[in-house]
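# Close look at the chain arrangement
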Amino acid sequence: MTKLRNVSLIGAPTDVGAGVRGASMGPEAIRVAGLAQALRGRGVDVVDRGNLTGPTNPWAPPVEGYRHLDEVVAWNQTVHDAVYTELKTGRMPILLGGDHCLGLGSIAAVAHHCRDVGKKLRVLWLDAHADFNTSELTPSGNIHGMPVACLCGFGPKELIEIGGHVPAVSPKWIRQIGIRSVDEGERAFVHEHDLEVFDMRFIDEMGMRHTMELALATLDDNTHLHVSFDVDFLDPVMAPGVGTTVGGGPTYREAHLCMEMIADTGRLASLDLMELNPALDEKNRTAVVAVDLIESLFGKSTLMRK
């Protein structure tokens, strides 16, 4: 059972890294769907820190392979500082996105904290996309397709240095789950750096239980577990409110099993909830599903288990 925690909600209302507008409204939609109340109902102490502020989205074309680089750097530095502050004071940060470029600042902060306290880090990247693009590989220049590469040291100096250590993480610390849309050049780059990817074919063949057993293997008391949850991880049938839907994602029950098995470890210590786009949603149903899944992440089980 997941330990009860002190949780801090941090809103990051921006879509500077995305190719579709609207993820900037995500934090409020998650609040409206009742995340704080749901967690308090599970005995969690929740403080909502409100929303971070940063530059507006200039909606400009790419410059040298990057869209909105200055704005993305500013937002990620702000996210890093906010997440790092919560970890330093012993609270568990939940970052409410915002687009997934912000996973860079969040995970850089977690890695920074782990270096401070001598902990190992395991990152579960739940996503339809590998987000391992570079300016040379990207077809779009949208930086929400690059945060994992930047965390591993591949990207512009201003981004890869956030958190004070290059690379912020090793590819060996990352487990990607639910992947089903990867650009051609990106695929070769993923293989070159030996990322551990449990794509949808693996889940289809082996099942979510075996997938999660492998993804969570070798965790111990000295491991900080970070979950970066892009809502497009889910099948768009149940989660239409994202700008980058890809069919064929995990089912409702597979997604809950994924979350329940993470909860069973008792090691979850930080979380990103990213890419919710209310402008593309239907009556906030994607936010409601996301809150439901986070409840499972905090120990709600469908079965009466002792």
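In this report, we go over the structure that sits alongside the text. (Residues numbered from 1 in each chain as written. Predicted model: local features only at pLDDT ≥ 70, side-chain atom pairs only at ≥ 80, totals over all residues. Heavy atoms only, no water.)

## Focus: the nonpolar core
By size, the foremost hydrophobic cluster in this structure holds 50 residues, and its most contacted members are Leu 124, Phe 229, Leu 234, Ile 262 and Phe 298. The element best represented in this core is helix H10 (residues 285–297), accounting for 7 residues. Setting aside residues no more than four positions away along its own chain, Leu 124 makes contact with Arg 175, Ile 177, Met 212, Ala 215, Leu 216, Leu 225, His 226, Val 227, Ser 228 and Ile 262. Membership of the second largest hydrophobic core comes to 47 residues, among which are Val 16, Ile 143, Ile 179 and Val 190. (Core = buried A, V, L, I, M, F, W, Y, C linked by side-chain atoms within 4.5 Å. Buried < 20%, exposed > 50% of the residue type's maximum accessible area, 1.4 Å probe, protein only. Helix = DSSP H or I, 4+ residues; strand = E, 2+ residues; numbered from the N terminus. Contact = heavy atoms within 4.5 Å.)

## What to know about the packing of helix H9 (residues 252–265) against H10
It is the contact of H9 with H10, at a shortest axis distance of 7 Å, that shows an interaxial angle of 35°. Where H9 abuts H10, its residues Tyr 252, Ala 255, His 256, Met 259, Glu 260, Ile 262 and Ala 263 lie against Asp 292, Leu 293, Ser 296 and Leu 297. (Axes fitted to C-alpha atoms, helices over the stretch in contact; angles between N-to-C directions.)

## Section: helix H3 (residues 69–88)
Along its 20 residues, H3 runs 28 Å from first to last C-alpha, staying within 8% of the 28 Å computed at 1.5 Å per residue. After H3 finishes, the residue Gly 90 shows a positive phi value of roughly 85°. (Expected span 1.5 Å × (residues − 1).)

## Describing the sheet that holds strand E2 (residues 45–51)
The sheet built from 8 strands is open, its strands ordered E2-E1-E3-E8-E7-E4-E5-E6 with parallel pairing. Each edge of the open sheet carries a strand with a single partner, namely E2 and strand E6 (196–199). Each adjacent strand pair in this sheet contributes to an overall mean axis angle of 15°, direction not counted. Here strand E7 (residues 223–230) runs beside strand E8 (residues 268–274); their pairing, made up of 6 bridges, is parallel. Residue pairing across strands places Ser 228 opposite Asp 272, the latter belonging to E8. This element, helix H4 (residues 103–117), spans strand E3 (92–97), strand E4 (120–126), E7 and E8 of the sheet and lies at about 175° to E7. (Pairing = 2+ DSSP bridges.)

## Description of the packing of aromatic side chains
Following the criterion strictly, the structure yields 5 aromatic pairs and no others. Arranged with centres 6.3 Å apart and planes meeting at 75°, the rings of Phe 132 and Phe 154 form a pair that is edge-to-face. Taken as a pair, Phe 132 in the loop between E4 and helix H5 (147–151) and Phe 154 in the loop between H5 and helix H6 (157–160) lie far apart in primary sequence, 22 residues in all. Residue classification places Phe 132 among the buried residues on the basis of a relative accessible area of 0%. Centroid distance Phe 132 to Phe 189: 5.0 Å. Interplanar angle 35°. Geometry classified as tilted. Residue Phe 132 is located in the loop between E4 and H5, and its partner Phe 189 is located in helix H7 (residues 184–192); the two are separated by 57 residues in the primary sequence. On the basis of relative accessible area, Phe 189 is assigned to the buried category, the value being 13%. Directly above the aromatic system of Trp 59 lies the positively charged group of Arg 67, at a separation of 4.6 Å from the ring centroid. (Phe/Tyr/Trp six-rings, centres within 6.5 Å; stacked < 30°, edge-to-face > 60°. Lys NZ or Arg CZ within 6 Å of the ring centre and 35° of its normal.)

## Topic: helix H8 (residues 200–215)
An α-helical turn contains 3.6 residues, so a residue and the one three or four places further along point in the same direction. The first and last C-alpha atoms of H8 sit only 14 Å apart over 16 residues, clearly below the 22 Å expected at 1.5 Å per residue. Contacts from the buried residues of H8 go to E4, strand E5 (174–179), E6 and H9.

## Details of the pairing of strand E1 (residues 6–12)
Burial of E1 is extensive: 6 of the 7 residues sit out of reach of the surface. Looking at chain direction, E1 and E2 are connected through 5 bridges and run parallel. Residue pairing for E2: Ser 8 is matched across the bridge by Val 47. With 6 bridges connecting them, E1 and E3 associate as parallel partners. By the bridge assignment for E3, Ile 10 is matched with Leu 95.

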